[in-house]
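Read off the chains here:
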Amino acid sequence: MPSLRDQLGGLVYSTDQGDTCPTCREPLDKCRCKELSEQQRIAALDGIVRIRRETSGRKGKGVTTLTGIPLPENELTTLAKRLKKRCGTGGAVKNGVIEIQGDQREILKQALTDLGYTVKLAGG
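Residues numbered from 1 in each chain as written. Predicted model: local features only at pLDDT ≥ 70, side-chain atom pairs only at ≥ 80, totals over all residues. Heavy atoms only, no water.

As annotated in an unreviewed UniProt entry, the protein chain carries the name Translation initiation factor Sui1 and comes from Halomonas llamarensis.

Draft legend 1. The packing of helix 3 (residues 73-87) against helix 4 (residues 105-114), seen in detail. Interaxial distance between helix 3 and helix 4 falls to 10 Å at its minimum, and their mutual angle equals 130 degrees. As the angle between them shows, helix 3 and helix 4 are arranged oblique. Judged by the sense of rotation from one axis to the other, the crossing of helix 3 with helix 4 is right-handed. For the pair helix 3 and helix 4, the contacting residues are Leu79, Leu83, Arg86 and Cys87 in the first and Ile107, Leu108, Gln110, Ala111, Leu112 and Asp114 in the second. Counted by class, the contact of helix 3 with helix 4 contains seven nonpolar, one polar and two charged residues. (Axes fitted to C-alpha atoms, helices over the stretch in contact; angles between N-to-C directions. Helix = DSSP H or I, 4+ residues; strand = E, 2+ residues; numbered from the N terminus. Parallel < 35°, antiparallel > 145°, perpendicular 65-115°, else oblique. Left-handed = near helix turned anticlockwise from the far one by under 90°. Contact = heavy atoms within 4.5 Å. Nonpolar A, V, L, I, M, F, W, Y, C, P; charged D, E, K, R; others polar.)

Draft legend 2. The arrangement of the nonpolar core in detail. Counting 16 residues, the largest nonpolar core has Leu66, Ile69, Leu83, Ile98 and Leu112 as the members making the most contacts within it. Take this core: its biggest share by element is five residues, from helix 3. (Core = buried A, V, L, I, M, F, W, Y, C linked by side-chain atoms within 4.5 Å. Buried < 20%, exposed > 50% of the residue type's maximum accessible area, 1.4 Å probe, protein only.)

Draft legend 3. Structural view of the sheet that holds strand 3 (residues 91-94). Pairing is mixed in the open sheet, where five strands are placed in the order 3-4-2-1-5. One side of each edge strand has no neighbouring strand; the edge strands of this open sheet are strand 3 and strand 5 (118-121). On average, each strand axis in the sheet is tilted by 20 degrees relative to the strand beside it, whichever way the strands run. Contacting strand 2 (63-67), strand 3 and strand 4 (97-101), helix 3 crosses the sheet at an angle of about 20 degrees to strand 4. (Pairing = 2+ DSSP bridges.)

Draft legend 4. Expanded view of the pattern of salt bridges. Evaluation of the coordinates by the stated rule reveals five salt bridges. Between glutamate 99 and lysine 94 there is a salt bridge; the shortest N-O distance is 3.6 Å. (Salt bridge = Lys/Arg side-chain N within 4 Å of Asp/Glu carboxyl O.)

Draft legend 5. Looking closely at the pairing of strand 4. Examined bridge by bridge, strand 2 and strand 4 share four bridges and lie antiparallel to one another. Each bridged residue has a counterpart across the sheet, and for threonine 64 the counterpart in strand 4 is isoleucine 100. As judged from the four bridges shared by strand 3 and strand 4, these two strands associate in the antiparallel manner. Across the sheet, the residue bridging to valine 93 is isoleucine 98, located in strand 4. Joining the antiparallel neighbours strand 3 and strand 4 is a turn of two residues, in which asparagine 95 adopts a positive phi near 55 degrees.

Draft legend 6. Summary view of unusual backbone geometry. At asparagine 95, a residue that is not glycine, the phi angle is positive and equals roughly 55 degrees. If you trace the backbone, asparagine 95 turns up in the loop between strand 3 and strand 4. Accessibility expressed as a relative area gives 76% for asparagine 95, which makes it exposed.

Following this line, the structure appears as structure tokens:
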């Protein structure tokens, strides 16, 4: 955590650069915070894709979640599109986690194994 002197020091307000990132204080067009957080997320993964069925917070509706896929966000979206098409259902990508509607664990396990990923079924 930065010291109080570091927090209070520095530029207070300027219109020279336009909008700035609150984290790195660089202009928004030069900000690399999103890229760095994506690299950190990928570096923290262990290479095993975990497939889990979740119902909590979804009013009893089952959703299959895939975590641990070591791909950048744009490639993760492309993979999610292929997997949704294979299952014939909808879904989304949220914070590096692919969500597929319904209980699709076996289909997804086979599809990811065919793509060369190490897959584990997580949870009960």
